[in-house]
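# Structural description and commentary
Here is how the chains run, residue by residue.
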Amino acid sequence: MLKLLHFCQWIYQTPLSVSIRESTWTFPIIETIHTLGIVLVAGTIAIFDVRLLGLLLKRTRVSHIARNVLPLTWTGFGVMFVTGLLLFISESATNYFNFAFRIKLLLLLLVGLNTLLFHLTVYRRVESWDLAEVTPLHARAAATCSLLLWTGIIISGRMIAYLH
Amino acid sequence: MSLLPFFHWLAVTHLGIAMRDSTWAFAIVEIIHLVVLAIFGGSVLFLDLRFMGLGFRSVSAPEMAREMLPITAGGAIAMFLTGFLLLISGPMRYYYNTPFRAKMVLFFSAVIFHFVLQASIARSRTQSDRATVVHRVSAVISLLLWSAVGLSGRAIGYF
């Protein structure tokens, strides 16, 4: 793990990292975009999950919601990834030791696996349950995991600054 | 009429003192405010895009407006309540905070504008897929208002 720490410290002294850190407004602006990007990623995913749980838009095809929501989700994900990376670059040496940051990375990995698993398994057969009000158990389980994990990601993300 | 006496009074209420004295209350409420923002913001965005006629042709705009009402109305109420708890933890700090004042004006404007729009579309009987110009423009205004609420909210912490 020492190599990872050295890598974070190396990032910390790069001109990009220093310039974000030393500017008055760069960090707040990036952070604002990152925060409001939550709406695009977590918000649109939540709508899809809520449909999988049969709580909303019950008469709408699951695949229609996915098709309409996914471009927004991916746009948001791109925005979150780029801004998040810049925030990390500016604080890499301290983030390395931040407990909330470590939890957040772990949760992001888990949410990625959850989504991958969902798309490779139960979502492949979506034609057979596209209009079902009560979706298959695996779909509901994936939706519940997704909602819990994204909540955890928002909580741990906010906690990074509180533990700073 | 100034709201100053009201803010002074808020600061000395039991709830205000409890929020101020607790170590973690503010952090916990702020995180809830943020989690609700994700769901609320997502549904407003989704709905306004539908009103603009962008995507989601399979569900009519009136049906979408009705379906989403519990989540948008519930979200707005939850945002208001958690926001109020944050305010009461230090009313005087917020009273003199310019982004906070701007946010309150924007928030109440957005609430009125958005819900009048959502309710009127929910009640309309048109089965047409085409969004009217009035609805499109209104949806854009709604999105701009909510974005301004979010931006001024984020700015509170920086001033």
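Please refer to the structure placed before this passage.
For clarity, every value in this text was computed on a predicted model and none was experimentally measured.

Of the regular secondary structure elements, chain A holds 6 helices and 0 strands. Its helices and strands in sequence order give chain A the pattern α-α-α-α-α-α, from N to C terminus. Overall size of chain A, expressed as C-alpha extent along the three principal axes, is 55 × 30 × 25 Å. The proportion of buried residues among the 164 residues of chain A is 29%.

On to the packing of helix α6 (residues 98–123) of chain B against helix α7 (residues 133–156) of chain B, then. All names here are of chain B. α7 packs onto α6 with a crossing angle of 155 degrees between their chain directions and a minimal axis gap of 8 Å. Here α7 runs roughly antiparallel to α6, going by the angle between their axes. α6 and α7 meet at a crossing whose hand is left-handed. On α7, the residues touching P99, F100, A102, K103, L106, F107, S109, A110, F113, H114, L117 and I121 of α6 are H135, S138, I141, S142, L145, W146, A148, V149, S152, G153, A155 and I156.

Another aspect to go through is the packing of helix α5 (residues 99–120) of chain A against helix α6 (residues 137–162) of chain A. All names here are of chain A. Close contact between α5 and α6 brings their axes to 9 Å; oriented N to C, the two are set at 160 degrees. By the angle between their directions, the pair α5 and α6 is classed as roughly antiparallel. Crossing handedness for the pair α5 and α6: left-handed. Here A100, F101, I103, K104, L107, L108, L110, V111, N114 and F118 of α5 lie close against α6, whose contacting residues are A142, C145, S146, L149, W150, G152, I153, S156, G157, M159 and I160.

Reading guide: rules and limits
Residues numbered from 1 in each chain as written. Chains lettered and ligands numbered in written order. Predicted model: local features only at pLDDT ≥ 70, side-chain atom pairs only at ≥ 80, totals over all residues. Helix = DSSP H or I, 4+ residues; strand = E, 2+ residues; numbered from the N terminus. Buried ≥ 20, exposed ≤ 12 C-beta atoms within 10 Å, placed from the backbone. Axes fitted to C-alpha atoms, helices over the stretch in contact; angles between N-to-C directions. Parallel < 35°, antiparallel > 145°, perpendicular 65-115°, else oblique. Left-handed = near helix turned anticlockwise from the far one by under 90°. Contact = placed C-beta atoms within 7 Å.

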